[in-house]
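So the chains spell out like this:
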Amino acid sequence: MGSLELYKAKKLKEEEYTGDGSVDFDGQPAIRDRTGKWSAGTIILLNQGLATLAFYGVEVNLVLFLTRVLQQDNAEAANTVSKWTGTVYIFSLLGAFLSDSYWGRYKTCAIFQAIFVIGLVLLSLSTQVFFLKPGGCGDETTKCNMHSSWELRLFYFSIYMVALGNGGYQPNTATFGADQFDKGDPKEGYSKAAFFSYFYLALNIGELFSNTILLYFEDEGLWALGFWASTASATLALLLFLGGTKRYRHFKPSGNPLSRISQVLVAAIKKCSVRIPPDEDAANLYEPEGSKNGARKMLHTQGIKFLDRAAFVTAQDEEELKKSEHKNNPWRLCSISQVEEVKCILRLLPIWLCTIIYSVVFTQMASIFVEQGDAMNTQISTFRIPAASISCFNLLSVALFIVLYRRVVDPAVRLVRKDSKGLTELQRMGIGLVIAVMAMVSAGIVEWYRLKYARRDCKQCQGSSTLSILWQVPQYGLIGASEVFMYVGQLEFFNAQAPEGLKSFGSALCMTSISLGNYVSSLLVSIVMKISTEDNVPGWIPGNLNRGHLDRFYFLLAGLTAVDLVIYVGCASWYKNIKFRGEEEDDEEDYDEV
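Since the model is a prediction, treat every value here as computed from it, not as a measurement.

J.: Talk me through the overall build of the protein; I want residue IDs and the actual numbers.
T.: Scanning the protein for helices and strands turns up 17 helices and two strands. Relative to its full complement of 594 residues, the protein shows a buried share of 54%. A sequence separation of at least 24 residues applies to 80% of the contacts in the protein between residues at least 6 apart. For the protein, the exposed area adds up to about 26,900 Å²; of that, 63% sits on carbon and sulfur atoms.

J.: So what's going on with the side chain of T561? Residues and values would help.
T.: With respect to the helices and strands, the residue T561 is situated in helix α17 (residues 550-574). Here T561 falls in the buried class, since its relative accessible area comes to 0%. With near-sequence residues (within four places) excluded, T561 lies in contact with I357, V361, L433, A436 and V437.

J.: Explain a nonpolar patch on the surface residue by residue, including any values.
T.: Taken together, the side chains of V441, I445, W448, Y449, Y453 and F555 make up a nonpolar region of the molecular surface, amounting to roughly 560 Å² of accessible area. No other element matches helix α14 (residues 425-452), which puts four residues into the nonpolar patch. Following the sequence through the fold, I445 ends up in helix α14. Judged by relative accessible area, I445 falls into the partly exposed class, the value being 43%.

J.: For the pattern of salt bridges, give the residues involved together with the corresponding values.
T.: All chains considered together, the criterion is met by 16 salt bridges. K37 is paired through a salt bridge with D33; the nearest N and O atoms lie 3.3 Å apart. Look at K37 and you get partly exposed, because its relative accessible area is 27%. Among the charged side chains, a salt-bridge network with shared partners connects R32, D182, E188 and R249.

J.: Tell me about the packing of aromatic side chains, residues and numbers included.
T.: Applying the stated rule across the entire model yields 29 aromatic pairs. Centre to centre, the rings of W38 and F195 are 6.4 Å apart; their planes meet at 40°, and the pair counts as tilted. One end of the pair, W38, is in helix α2 (residues 37-59); the other, F195, is in helix α7 (residues 186-219), and 157 residues separate them in sequence. Residue W38 is classed as partly exposed on the basis of its relative accessible area of 30%. Between F369 and Y554, the aromatic rings sit 5.8 Å apart at their centres with planes inclined by 75°, giving edge-to-face as the arrangement. Taken together, the positions of F369 in helix α12 (residues 368-374) and Y554 in helix α17 put the pair 185 residues apart, joining distant regions of the chain. One aromatic cluster is present, formed by W38, F181, F195, F196, Y198 and F199 through successive ring pairs.

J.: Lay out helix α6 (residues 149-178) in plain terms, naming residues and giving numbers.
T.: The first and last C-alpha atoms of α6 sit 45 Å apart over 30 residues, in line with the 44 Å expected at 1.5 Å per residue. Along α6, the sharpest kink reaches roughly 30°, centred on Q170 and followed within four residues by the proline P171. In terms of residue burial, α6 counts as a mostly covered element, since 21 of its 30 residues are buried.

J.: Tell me about unusual backbone geometry, and please be specific about residues and values.
T.: Although it is not a glycine, K37 sits at a positive phi angle of roughly 60°. Note that K37 resides in helix α2. The phi dihedral of I304 falls on the positive side, at around 45°, and the residue is not glycine. With relative accessibility at 28%, the residue I304 sits in the partly exposed group.

J.: Please give an account of the packing of helix α9 (residues 257-270) against helix α11 (residues 336-363) that cites residues and values.
T.: The packing of two helices is summarised by the inter-axis angle and the distance between the axes. Interhelical geometry of α9 versus α11 gives an angle of 100° and a closest axis separation of 9 Å. One finds that α9 runs roughly perpendicular with respect to α11. Judged by residue contacts, R260, I261, Q263 and V264 of α9 engage Q338, V339, E341, V342 and I345 from α11. Of the residues in the contact of α9 with α11, the class split is five nonpolar, two polar and two charged.

J.: Tell me what's going on with the environment of L225, and back it up with residues and numbers.
T.: One can find L225 in helix α8 (residues 223-243). In sequence terms L225 and S124 are 101 residues apart; their C-alpha atoms lie 8.1 Å from each other.

J.: Tell me about the packing of α11 against helix α15 (residues 473-497), and name the residues and values.
T.: α15 packs onto α11 with a crossing angle of 160° between their chain directions and a minimal axis gap of 12 Å. It follows from the interaxial angle that α11 and α15 lie roughly antiparallel. As α11 packs across α15, the resulting crossing turns out to be left-handed. Here C344, L348, I351, W352, T355, Y358, S359, V361 and F362 of α11 come into contact with α15, specifically with I479, S482, E483, M486, Y487, Q490, F493, F494 and Q497. Along the lines of polarity and charge, the residues of the contact of α11 with α15 split into 12 nonpolar, five polar and one charged.

J.: Please provide a residue-by-residue account of the environment of L239, values included.
T.: Relative to the helices and strands, L239 resides in helix α8. Between the alpha carbons of L239 and Q113 there is a distance of 9.9 Å; along the sequence they are 126 residues apart.

J.: Pulling in residues and values, what's your account of α17?
T.: With 25 residues, α17 ought to run about 36 Å at 1.5 Å a step, and its terminal C-alpha atoms sit 36 Å apart, in line with that. Of the positions making up α17, those classed as buried are L550, D551, F553, Y554, L557, A558, T561, D564, L565, Y568, C571 and A572. Of the surrounding elements, those touching the buried residues of α17 are α11, α12, α14 and α16 (503-532).

Calculation notes
- Residues numbered from 1 in each chain as written.
- Predicted model: local features only at pLDDT ≥ 70, side-chain atom pairs only at ≥ 80, totals over all residues.
- Heavy atoms only, no water.
- Helix = DSSP H or I, 4+ residues; strand = E, 2+ residues; numbered from the N terminus.
- Buried < 20%, exposed > 50% of the residue type's maximum accessible area, 1.4 Å probe, protein only.
- Contact = heavy atoms within 4.5 Å.
- Areas by Shrake-Rupley, 256 points an atom, 1.4 Å probe, with all protein chains shown as cover.
- Patch = residues over 30% accessible without salt bridge, like charges linked within 9 Å, V, L, I, M, F, W, Y side chains within 5 Å.
- Salt bridge = Lys/Arg side-chain N within 4 Å of Asp/Glu carboxyl O.
- Phe/Tyr/Trp six-rings, centres within 6.5 Å; stacked < 30°, edge-to-face > 60°.
- Expected span 1.5 Å × (residues − 1).
- Bend = angle between axes of the 7 residues up to and from the residue.
- Axes fitted to C-alpha atoms, helices over the stretch in contact; angles between N-to-C directions.
- Parallel < 35°, antiparallel > 145°, perpendicular 65-115°, else oblique.
- Nonpolar A, V, L, I, M, F, W, Y, C, P; charged D, E, K, R; others polar.
- Left-handed = near helix turned anticlockwise from the far one by under 90°.

Given below as structure tokens:
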């Protein structure tokens, strides 16, 4: 065979299989044209939309179910929902750990979605059979009977199964969808970036349907119908997911990451007295031939040099390698890839911490924005707009800005820069913080005018200001625009920059950022009220908002977010992106630009 034929055969082989180490359902190297891409990605997007509809069908009105059906008071119901929501995010870490370590993303998604469906079936069945007594109870006027202890235990068991199922699979879905695209291929690399935008769009569309159709059913007391609709949506999502089994690309799990991280730290501490020359390169750092589970090897980077000691080959290490036929003791000598995995995690943490303040801003939509809207003029002609329904403008804004970014902004930036990169993830997250500052300033200005036209001596202050609730639309719209840049960019960033054995953990970080944002928001409100209510002053956020200064709280959030932006720019400038062996230097994105 001539050299031309050999070249063609080699080229054909390169084109036939993916270049990122992914495998098919049978564990064989994935064939590019038979697996993954949008045929698999679209299934995962539809799955996400249906599963989100099912979850928010329970979450959005759970506090009303607790008060109207289970007879809890407002404080007890709010506490129950807070604990339940926090548990969802805790279970996301469990799902990420099992996925990255042992099960892989497909198996983890399938198992936890099945648990999700079972939990919804139990919730729907128990609601229909046990809780809605007398018939027709559970609406705004008719209270339900008291329930036995075993009925309440059944209820809590079912909703925590829902929490386990949703939390366990949620961080793996986005990552598994991204697995369907090979970043090394130019076309698939572009599709991979687009997938995260459409994933977030699918999530918001599912939430929009649950916040309108299912919310209406449940608000009218049709609890069983609403829960069964959620169950049907989750079941369809699971069947759709399983139907695409043969189309998916997979990455093999990499084992327990906690042991790998511990080995690097222990090995580095054992060699703390070893002096590494300042100009030392990777030549004397350990990197065995071959790779575990087909994972790509990471290149050595400068910085956090103390950890390099774990991979530095000493004379003692050389002796042990000769005796053991080049098998290293991982608690004394680690590979470069293993050390770089720990470095990567340490570099991600400052970026992640900077996203928590943004999540504080994001959580205001579900609480203080609604309270502010409820004290405004909610009448449009003869129609009354529920304060919580204005959040639909946020969802519409997310959909609009995702389309605008993918179709207008991104192509324009590529054209101006005359390259194929567009805005980096870190740049987009920085833009998200800027827009978040604008949103809080907008909310503060609206509140200032609301107070100007409000009756301060009211007892029932619903609709006590003549300022129309439609003036809240800009702040909801700006939050939606910021989500597109921050949360989509965050999903994309953590997926691209997390080590290959911790991809699902990277997605779980996004969820825990939102969870911590809720806790920090509650803490901040408590601190503000404690400081501002001294000397018999009602405080910034009293029960009667017309006697407070909610505008100052919004401006405080704007200031904190601006400070967070400055810190974020510093962290992003310091950040060094992950590097894999075989990647071209000129193909790397510049993550230092913000």
